[in-house]
Amino acid sequence: MALHHPELAERVREQRWRLPDLYGSIDFDRTPHRFTTDPQVRSDLPAWVADRDSVLADERAVELIRTTTMLGDVVADPYAALAKQHGAKGLIDMLRKACRSGVDSVADAPDELRAFIASMEATPEWLDVELVEEGARQLRIGAAFLSPYITRGAFLATFINTYAALPMALTGALTGRRASRRVNETANFFAVTTLPGALERYGEGFEAAAMVRLMHSMVRCNALASSEGWDPEVYGVPVPQVDQMPAGLFNMYLAAVLARSAGRDEFSPRERAMLEFSRYRCFLLGLPEELLPTTASGIIEVFHARAATLRRGFDDATCGELVRSTMAADLRQGNSLLDQAAETVERSWSRAFFLGICGGDLKRAEAMSVQFGPVDAACVAATAPFVLGRFVAMSVVAGQPLLRKLTDCYTTRVVKQRLAEYGNPEYTTDAATYPRRATSGAT
């Protein structure tokens, strides 16, 4: 029984009648194997991060994570399920047109598309548009000067748990050349959303969020329709909202940890702006407000609660292969000596970032197929003055009123250059690569 989040629990249950062919066989009152509060079972919360017993004592937070482990996307999933009639390309084309010209411009627009767009247009009461733009300005600096060196490493962090990584493994989207496309698509999304006005109704970030939601829903639909590999009693719902929260708020988790270490629970004005932007971007991606806290302690709470209840598991055939293929992927389109040098530097930084996620444990990182050696350490040390120095310098200069406009123009130009390097995102998933169930109304 949902004592603390009844409305959210009802949203989970209504998935069965909204999409009976997809969710009708799932018992939403049953806790999946991936979720555990057993003190004898190892979780994904490292002891050096927080005390698990203390985290599990917070019944409200534990219930929130359990509930959102079973939550898909109640408006995007029904639209994705129309692929049987319209095909994946048809859905993508209609969604792009609706984002760019309005849903009324789509001939015979399905009700599911109208509901999808309407949910994104329903501006939340808490939203401060000016604060969102200020947050975007702040985060553009990282997108321009820091993210290109650590995105792959952050991407690897999503593969360190079998239960959370399985959807990607089933899609086959992170093997061979597809790996570089997915990493670049991720980098593209987080960068494009920081452009000026990108999250406005007809901005490119709004469209990108809609496309990401559709892709996640198509993965969800295809995974549940597969004949092997996906067991809801073990894994819950594919790509649940609780697994999307870390990517959307990871920057704010780091800010929250720093704030708490300084004795603060409230964010500074700069951090508050970044949080408003991050929360709104997560809203456009379909995350419920319950997963989007407004204080440092609240953000730390949901991150630690998710990790403390996620059963630890690293299957080399699943997680290890995803890590290896992602590390091996060539992210740059060119083959010049400069491109090769940049790729080498970026890989070393990504390994260093992943090592940080592992708490500096070289053996644990190596067990997950990420070897951070002396060459990587030397590479990071040699380039740190440029990578970190430029990022810090731009952050400081951007805070000076007289130089703010000039700095932002330059930063925006660099972000657009990055986007050109990442290439045009496709935001698609190929259903033909999924193992199929013979009889299913889902796609």
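Quick notes on the rules
- Residues numbered from 1 in each chain as written.
- Predicted model: local features only at pLDDT ≥ 70, side-chain atom pairs only at ≥ 80, totals over all residues.
- Heavy atoms only, no water.
- Helix = DSSP H or I, 4+ residues; strand = E, 2+ residues; numbered from the N terminus.
- Rg over C-alpha atoms; globule rule 2.2 N^0.38 Å.
- Contact = heavy atoms within 4.5 Å.
- Areas by Shrake-Rupley, 256 points an atom, 1.4 Å probe, with all protein chains shown as cover.
- Lys, Arg positive; Asp, Glu negative; His and termini not counted.
- Charge placed at Lys NZ, Arg CZ, Asp CG, Glu CD.
- Axes fitted to C-alpha atoms, helices over the stretch in contact; angles between N-to-C directions.
- Parallel < 35°, antiparallel > 145°, perpendicular 65-115°, else oblique.
- Left-handed = near helix turned anticlockwise from the far one by under 90°.
- Nonpolar A, V, L, I, M, F, W, Y, C, P; charged D, E, K, R; others polar.
- Patch = residues over 30% accessible without salt bridge, like charges linked within 9 Å, V, L, I, M, F, W, Y side chains within 5 Å.
- Salt bridge = Lys/Arg side-chain N within 4 Å of Asp/Glu carboxyl O.
- Buried < 20%, exposed > 50% of the residue type's maximum accessible area, 1.4 Å probe, protein only.
- pLDDT = per-residue confidence, 0-100.
- Core = buried A, V, L, I, M, F, W, Y, C linked by side-chain atoms within 4.5 Å.
- Phe/Tyr/Trp six-rings, centres within 6.5 Å; stacked < 30°, edge-to-face > 60°.
- Lys NZ or Arg CZ within 6 Å of the ring centre and 35° of its normal.

Colleague: Talk me through the overall build of the protein; I want residue IDs and the actual numbers.
Modeller: Helix and strand counts for the protein stand at 22 helices and 0 strands. On C-alpha atoms alone, the protein measures out to a radius of gyration of 21 Å, which is about the 22 Å that the 2.2 N^0.38 rule sets for 443 residues. For the protein, the spread of C-alpha atoms along the three principal axes comes to 55 × 55 × 45 Å. At a minimum sequence separation of 6, the contacts of the protein that also span at least 24 residues come to 79%. Taken as a whole, the protein presents about 19500 Å² of accessible surface, with 55% of it coming from carbon and sulfur. For the protein, the separation between the mean place of its 49 positive charges and that of its 55 negative charges on side chains is 4 Å.

Colleague: Hey, could you go over the packing of helix α15 (residues 241-261) against helix α16 (residues 269-284) for me, with residue numbers and the actual values?
Modeller: Where α15 contacts α16, the axes come no closer than 9 Å and their chain directions differ by 155°. One finds that α15 runs roughly antiparallel with respect to α16. For the crossing formed where α15 meets α16, the hand is left-handed. Contact with α15, carried on its side by Gly248, Leu249, Asn251, Met252 and Ala255, involves Glu271, Met274, Leu275, Ser278, Arg281 and Cys282 of α16 and no other residues of that element. Here the contact of α15 with α16 is composed, by residue class, of 6 nonpolar, 3 polar and 2 charged.

Colleague: So what's going on with a nonpolar patch on the surface? Which residues, and what values?
Modeller: A cluster of nonpolar side chains, namely Leu402, Leu403 and Leu406, defines an oily patch on the protein surface of about 370 Å² accessible area. Within the secondary structure layout, Leu406 lies in helix α22 (residues 404-422). By relative accessible area, which is 61% here, Leu406 ends up exposed.

Colleague: Explain the pattern of salt bridges to me, and be specific about the residues and the numbers.
Modeller: Throughout the structure, instances matching the rule amount to 29 salt bridges. With a shortest N-O distance of 2.9 Å, Arg351 and Asp376 are connected by a salt bridge. On the criterion of sequence distance, the pair formed by Arg351 in helix α19 (residues 337-357) and Asp376 in helix α21 (residues 374-398) is long-range, its members being 25 residues apart. By the burial criterion, Arg351 is buried, and Asp376 matches it. Linked through salt bridges whose partners overlap, the residues forming this network are Arg152, Asp330, Arg332, Glu343, Glu346 and Arg347.

Colleague: I'd love a proper account of the confidence of the model for the protein, names of residues and values included.
Modeller: Detailed reading of the predicted coordinates is not advisable wherever pLDDT is low. With 94% of its residues at a pLDDT of 70 or more, the protein shows a mean pLDDT of 91. Within the protein, helix α11 (residues 162-171) has the poorest average pLDDT of any element, 80, and helix α8 (residues 111-121) the best, 98. Low pLDDT (under 50) marks residues 434-443, which in the prediction has 36 contacts with non-local residues, meaning those over four places away or in another chain.

Colleague: Pulling in residues and values, what's your account of the nonpolar core?
Modeller: Tyr79, Leu95 and Leu113 are the most contacted members of the largest nonpolar core, which has 107 residues in total. Dropping the residues within four chain positions of it, Leu113 is found in contact with Tyr79, Met94, Leu95, Ala98, Val103 and Val106. Counting 19 residues, the second-largest nonpolar core is a separate cluster that includes Phe159, Ala165, Val183 and Met327.

Colleague: Pulling in residues and values, what's your account of the packing of aromatic side chains?
Modeller: Summed over the entire model, instances satisfying the criterion amount to 11 aromatic pairs. Seen from their ring centres, Tyr163 and Tyr235 are 5.8 Å apart, and the 45° between their planes marks the pair as tilted. Of this pair, Tyr163 sits in helix α11 while Tyr235 sits in helix α14 (residues 232-235), and the two are 72 residues apart along the sequence. In this structure an aromatic cluster arises from ring pairing among Phe250, Tyr253, Phe303 and Phe353. Cation over ring: Arg201 sits above Tyr202, and NZ or CZ is 4.2 Å from the ring centre.

Colleague: A description of the packing of helix α7 (residues 83-101) against helix α13 (residues 204-225) should follow, citing residues and the corresponding values.
Modeller: The geometry of α7 relative to α13 is characterised by a closest axis approach of 10 Å and an angle of 155° between their N-to-C directions. Considering the angle they form, α7 stands roughly antiparallel to α13. α7 and α13 meet at a crossing whose hand is right-handed. Facing α7, whose interface residues are Ala88, Leu91, Ile92, Leu95, Arg96, Cys99 and Arg100, α13 presents Phe206, Glu207, Ala210, Met211, Leu214 and Met218. Residues belonging to the contact of α7 with α13 are distributed by class as follows: 10 nonpolar, no polar and 3 charged.

Colleague: So what's going on with the environment of Cys409? Which residues, and what values?
Modeller: Structurally, the position occupied by Cys409 is in helix α22. Considered as a pair, Cys409 and Asp29 are 380 residues apart in the sequence and their alpha carbons are 52 Å apart.

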